[in-house]
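What follows is each chain in one-letter form.
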Amino acid sequence: MSVLGIGISYGVATLLAMFSGMPIAFALGAVAVLFMAIYMPAASLDTVTQNVYEEMASITLLSIPLFILKGAAIGKSRAGQDLYSALHAWLNRVPGGLGVANVFACALFAAMAGSSPATCSAIGSAGIPEMRKRGYSGGFAAGIIAAGGTLGILLPPSITMILFAVAAEKSLGRLFLAGIGPGLLLVLLFGSYAVFRFRKEYAAASRLYEQTGVDAPILARDKFTMAQRFNALPRVAPFVILLTGVMIALYGGYATPSETAGLGGLLALALIALIYGVWRPTDLAPILQATIRESTMLMMIIGMSLLYSYVMSYLHISQSVAESIVAMQLPRWELLAAILVMVVVLGFFLPPVSIILMTAPIILPPLRAANFDIIWFGIVMTIVMEMGLIHPPVGLNIFVIRNVAPDIPLSEVIWGTLPFVLLMMFAVLLLCFVPQIATGFPDLVMGPESVR
């Protein structure tokens, strides 16, 4: 069979395995082993475990379970709720300040957890009930938490970026640094939309009150004295200490990303033990269970995805696809648009981890040939994959929100997230025109590999 025929059958088999309801890791692994048995030497099956081990024997991947431990330590304690409460006390005078507080809480939590579902769950469990109690619509409350949660894969440290750095063989530190600017850009866009949407809902409630005399909770304003605001500041201190310690260690050159992940995990455990009294085995059990469960799931997906990519490369599928894309001789921006559309479509069905590990061998060679900065592209791709977290049919964050707030209809959650998808699209366009936002250095623009 020709390479084209093998490639088509490989893709069809993958889709069938995915839609069968089989877990992603096992679906990818089963397809890879099946095609190894059919098209590769019989001896290759004897080396499956060795290939998976060699592909995963990366010190960079060690940081993943450690970052998950840090996020679980914060998410399974009262720390997430305290962070949200403190931000609300200081931002309550801003129109839509409760929504803005949720955006900032998601951003700060994301910068420590590195996981979007963890951010959604931790902040949403406190933020959504408070927003609903104060009259915010269910779609708005759910949408802003779901979108804020996506910052978990953009703001460093990010598990998704770790995998991209491994797949692209790029500096993880530089990739983390490049994510700060776009992350803050999305925080600004989300916060601005929160103000706009609040004013719209507030105006509608005001008109209803003038016409019918029916008072709405959204018209009420919380009032905090300066003493209450300053009393809330210590609640933010653990996050500031943790975030500052990790950033100084990473960007000050005192520790590698893997060492920084270990430092962050230990700091998080120490802080919740000292401040919240979470140190007994019964208290630590949920944290460790959540860490083991999520780490095992991710590492299985990573291992099977790497085996899947290895088989694809051995059968010359990825090389042929890259050669075909290059042979089309698309202008560089049309090439980028085609690749990003492909990532968006994959985001309908797959989580970011699988998208990166499955597509990196295919899309990176033509992008390098077109002289795109791979660090910059990693950030753009991450934002595009963020969209996949908040749009159906997979929309992982949507289903996390459904678990946190089951009283909000799924249709309202989906409609509430759509404006944020549009904001992410705008951010991608802005990064194309102003790439320096994602490089961290005003003189570093997209160019040949030698410039990077």
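Below you will find a few notes about this structure. (Residues numbered from 1 in each chain as written. Predicted model: local features only at pLDDT ≥ 70, side-chain atom pairs only at ≥ 80, totals over all residues. Heavy atoms only, no water.)

### A short note on the layout of surface pockets
Next, step 1: As a volume, the second largest pocket reaches approximately 700 Å³.
Next, step 2: Taken together, 27 residues line the second largest pocket, and the ones lying closest to its centre are G7, G11, Y308, M312 and M358.
Next, step 3: Elements that contribute at least two residues to the lining of the second largest pocket include exactly α1 (3-19), α13 (281-314), α14 (317-327), α15 (332-347) and α16 (352-369).
Next, step 4: Here the element with the most residues in the lining of the second largest pocket is α1; it accounts for 11 residues.
Next, step 5: Among the residues forming the lining of the second largest pocket, the class breakdown is 21 nonpolar, 6 polar and no charged. (1 Å grid on protein atoms, 1.4 Å probe; cavity = no way out; pocket = protein on both sides within 12 Å on 5 of 7 lines; lining within 4 Å. Points joined across faces, edges and corners; volume = space filled by probe spheres on them. Helix = DSSP H or I, 4+ residues; strand = E, 2+ residues; numbered from the N terminus. Nonpolar A, V, L, I, M, F, W, Y, C, P; charged D, E, K, R; others polar.)

### Here we look at empty space enclosed by the protein
Next, step 1: Counted according to the given criterion, the structure contains 1 cavity of 30 Å³ or more.
Next, step 2: For the largest cavity, the calculated volume is near 40 Å³.
Next, step 3: Lining the largest cavity are I74, A79, P238, F239, L271, I272 and Y276.
Next, step 4: Elements with a minimum of two residues in the lining of the largest cavity: α11 (226-251) and α12 (257-276).
Next, step 5: For the lining of the largest cavity, the element with the highest residue contribution is α12, accounting for 3 residues.
Next, step 6: For the lining of the largest cavity, a count of residues per class yields 7 nonpolar, no polar and no charged.

### Points about the packing of α1 against helix α2 (residues 24-39)
Next, step 1: Close contact between α1 and α2 brings their axes to 9 Å; oriented N to C, the two are set at 145 degrees. In the crossing of α1 with α2, the sense of the turn from one axis to the other is right-handed. For the pair α1 and α2, the contacting residues are I6, S9, Y10, A13, T14, A17 and M18 in the first and I24, A27, L28, V31, A32, F35 and Y39 in the second.
Next, step 2: Grouping the constituent residues of the contact of α1 with α2 by class yields 12 nonpolar, 2 polar and no charged. (Axes fitted to C-alpha atoms, helices over the stretch in contact; angles between N-to-C directions. Left-handed = near helix turned anticlockwise from the far one by under 90°. Contact = heavy atoms within 4.5 Å.)

### Let's talk about the pattern of salt bridges
Next, step 1: Per the counting criterion, the structure on display carries 3 salt bridges.
Next, step 2: R132 serves as the salt-bridge partner of D407, at 3.1 Å between the closest nitrogen and oxygen. Within this pair, whereas D407 is found in the loop between α18 (396-404) and α19 (410-433), its partner R132 is found in helix α7 (residues 116-133), the two being separated by 275 residues in sequence.
Next, step 3: Judged by its relative accessible area of 33%, R132 falls in the partly exposed class.
Next, step 4: One salt bridge connects D283 with R280, and the closest N-O pair in it is separated by 3.7 Å.
Next, step 5: By relative accessible area, which is 27% here, D283 ends up partly exposed.
Next, step 6: You can call R280 partly exposed: its relative accessible area is 40%. (Salt bridge = Lys/Arg side-chain N within 4 Å of Asp/Glu carboxyl O. Buried < 20%, exposed > 50% of the residue type's maximum accessible area, 1.4 Å probe, protein only.)

### Details of the packing of aromatic side chains
Next, step 1: Enumeration according to the criterion identifies 16 aromatic pairs in this entry.
Next, step 2: Each ring, one from Y193 and one from F420, has its centre 5.0 Å from the other, and the planes form 80 degrees; the classification is edge-to-face. Within this pair, whereas Y193 is found in helix α10 (residues 172-212), its partner F420 is found in helix α19, the two being separated by 227 residues in sequence. Judged on exposure class, the residue Y193 and its partner F420 are both buried.
Next, step 3: Put simply, the rings of Y136, F140, F190, Y193, F196, F198, Y202 and F420 pair up and form one aromatic cluster.
Next, step 4: A cation over a ring is seen here: R332 above W333, with NZ or CZ 5.5 Å from the ring centre.
Next, step 5: Directly above the ring of F372 sits R332, whose terminal nitrogen or CZ lies 4.3 Å from the centroid. (Phe/Tyr/Trp six-rings, centres within 6.5 Å; stacked < 30°, edge-to-face > 60°. Lys NZ or Arg CZ within 6 Å of the ring centre and 35° of its normal.)

### Quick look at the packing of helix α9 (residues 159-168) against helix α17 (residues 374-389)
Next, step 1: The interhelical angle for the contact between α9 and α17, taken along N-to-C directions, is 140 degrees, at an axis separation of 11 Å. Of the possible angle classes, the one that applies to α9 and α17 is oblique. α9 and α17 meet at a crossing whose hand is right-handed. Mapping the contact onto sequence places T160, M161, F164 and A168 in α9 and I374, F377, G378, I379, M381 and M385 in α17.
Next, step 2: When grouped by side-chain class, the residues that make up the contact of α9 with α17 number 8 nonpolar, 2 polar and no charged. (Parallel < 35°, antiparallel > 145°, perpendicular 65-115°, else oblique.)

### Quick notes on helix α8 (residues 138-149)
Next, step 1: Helix length check: α8 (12 residues) gives 17 Å between terminal C-alpha atoms against 16 Å at 1.5 Å per residue, within 8%.
Next, step 2: In terms of burial, α8 is a largely internal element, 12 of the 12 residues being buried.
Next, step 3: For α8, every residue scored as buried is listed here: G138, G139, F140, A141, A142, G143, I144, I145, A146, A147, G148 and G149. (Expected span 1.5 Å × (residues − 1).)

### Overview of the side chain of T382
Next, step 1: Position of T382 among the secondary structure elements: in helix α17.
Next, step 2: For T382, a relative accessible area of 2% puts it in the buried group.
Next, step 3: Separated by 2.6 Å, the side chain of T382 and the backbone oxygen of G378 make a polar contact.
Next, step 4: In contact with T382, other than residues within four places in its own chain, are I153 and L154. (Polar contact = N/O pair within 3.5 Å; in protein donor to acceptor, adjacent residues only side chain to side chain.)

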